[in-house]
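Topology and contacts: notes
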Amino acid sequence: MSSIKLTADSGGGTVEIKAPASTTSNAAKQLIISADGIIGVTHADIYHLTSAFDDDANPIINNWERCDSTGCGYIGGVSAPSSGIWSFPVTGIWKVHFHIQSAALNENNAWPSAYIYTTVDNGSNWTNVGVGHHSSIDGTASWQYQQIDAYAMMDVTDTSTCKFKLVSINDGSSSSIRTQGNATELQTFVEMVRLGDT
């Protein structure tokens, strides 16, 4: 098995890159190293709602907080939204995962939904690129909980114009459909991961 061994400038350590033991073709694989010398994921962050709200929110503006509970962490970091609009710190292909925990009380025909809207012209035009729905069809006097997910893969070519917003539509009586939030638990949250270069 052939390999390339690199020696660190100081400390005496080495890094070794090995080819596979065998292959059926002349496969070409690309090792991607970012401009700052980091191999792999350079940015990953997660924010969550710290409190619940009733009625619709387009976009969700208030009570976002980076996860800071025991064991939480992030790489690179994404800034909190400005008036509900999220920006990216660097260009690249970004995955956005929006999760809502919805709660329903005495609702027999409710359709709570999660939407991800993106813009490439700094908000002049918005496109719904990710959506998730759930239904509450057996209303009771006890709270029922639904898990809703929406996903988007965004090609961020310009950090000043490529942005997104998160929307929660609580279809039903505003007093009986709720978007959940919690100070320590990830009930409603957004996860942002940079997968690679644009």
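Everything numeric in this text was worked out from a predicted model, so none of it was measured. (Residues numbered from 1 in each chain as written. Predicted model: local features only at pLDDT ≥ 70, side-chain atom pairs only at ≥ 80, totals over all residues. Heavy atoms only, no water.)

Digging into the overall build of the chain
- The number of helices and strands found in the chain is 0 helices and 13 strands.
- In the chain, the succession of α and β elements from N to C terminus is β-β-β-β-β-β-β-β-β-β-β-β-β.
- Per-residue burial for the chain yields a buried fraction of 36% across its 198 residues.
- Across the chain, contacts joining residues at least 24 apart in sequence account for 70% of those joining residues at least 6 apart.
- In the form shown here, the chain has an accessible surface area of approximately 11000 Å², with 48% of it arising from carbon and sulfur atoms. (Helix = DSSP H or I, 4+ residues; strand = E, 2+ residues; numbered from the N terminus. Buried < 20%, exposed > 50% of the residue type's maximum accessible area, 1.4 Å probe, protein only. Contact = heavy atoms within 4.5 Å. Areas by Shrake-Rupley, 256 points an atom, 1.4 Å probe, with all protein chains shown as cover.)

Details of the pattern of salt bridges
- Scanning all chains against the criterion turns up 3 salt bridges.
- The salt bridge involving Arg 66 is made with Asp 45; its shortest N-O contact spans 2.7 Å. Here the residue Arg 66 occupies a position in strand E5 (residues 64-66), and Asp 45 occupies one in strand E3 (residues 44-49), the gap between them amounting to 21 residues.
- Residue classification places Arg 66 among the partly exposed positions, given a relative accessible area of 25%.
- For Arg 194, the salt bridge identified is with Asp 197, shortest N-O distance 2.5 Å.
- Residue classification places Arg 194 among the buried positions, given a relative accessible area of 9%.
- According to the relative accessible area criterion, Asp 197 is partly exposed, its value standing at 47%. (Salt bridge = Lys/Arg side-chain N within 4 Å of Asp/Glu carboxyl O.)

Details of the state of the cysteines
- Following the criterion strictly, the structure yields 1 disulfide and no others.
- A sulfur-sulfur distance of 1.9 Å marks the disulfide that ties Cys 67 to Cys 72.
- A relative accessible area of 34% places Cys 72 in the partly exposed class. (Disulfide = S-S within 2.5 Å.)

A look at the sheet that holds strand E6 (residues 85-87)
- One open sheet holds the 4 strands; their spatial order is E6-E11-E8-E9, and the pairing between them is antiparallel. Two strands in the sheet have a free side with no partner beyond their single neighbour: E6 and strand E9 (127-133). Strand-to-strand twist in this sheet, taken as the mean axis angle between neighbours without regard to direction, amounts to 25°.
- Of the strand pairs in this sheet, strand E8 (residues 113-119) and strand E11 (residues 163-169) are connected by 7 bridges, and their pairing is antiparallel. Bridge assignment links Thr 118 to a residue of E11, and that residue is Phe 164. (Pairing = 2+ DSSP bridges. Axes fitted to C-alpha atoms, helices over the stretch in contact; angles between N-to-C directions.)

Points about the nonpolar core
- Counting residues in hydrophobic clusters, the biggest one holds 25 residues, and the most contacted among them are Trp 64, Trp 86, Phe 98, Phe 164 and Val 190.
- Counting only elements with at least two residues in this core, the list comes to E3, strand E7 (92-104), E8, strand E10 (144-156), E11 and strand E13 (189-196).
- For this core, the element with the highest residue contribution is E10, accounting for 5 residues.
- With residues near it in sequence (within four places) discarded, Trp 86 still touches Tyr 47, Trp 64, Val 78, Ser 79, Ala 80, Pro 81, Lys 163, Phe 164, Lys 165, Leu 166, Val 190 and Met 192. (Core = buried A, V, L, I, M, F, W, Y, C linked by side-chain atoms within 4.5 Å.)

Points about unusual backbone geometry
- Here the bond from Asn 58 into Pro 59 is cis, since omega is 0°, no more than 30 degrees from zero.
- Non-glycine residue Asp 55 carries a positive phi angle of around 70°.
- Topologically, Asp 55 is positioned in the loop between strand E4 (53-54) and E5.

Some points on the environment of Thr 91
- Inspection of the secondary structure puts Thr 91 in the loop between E6 and E7.
- In this view, Thr 91 contacts Val 156, Thr 157, Asp 158, Thr 159, Arg 194 and Thr 198; residues no more than four positions away in its chain are not counted.

A short note on the side chain of Asn 170
- Within the secondary structure, Asn 170 is located in the loop between E11 and strand E12 (177-179).
- Within the structure, Asn 170 has its side chain in polar contact with the backbone oxygen of Asp 55 (distance 2.8 Å).
- One polar contact links Asn 170 to Thr 179, side chain to side chain, over a distance of 3.3 Å. (Polar contact = N/O pair within 3.5 Å; in protein donor to acceptor, adjacent residues only side chain to side chain.)

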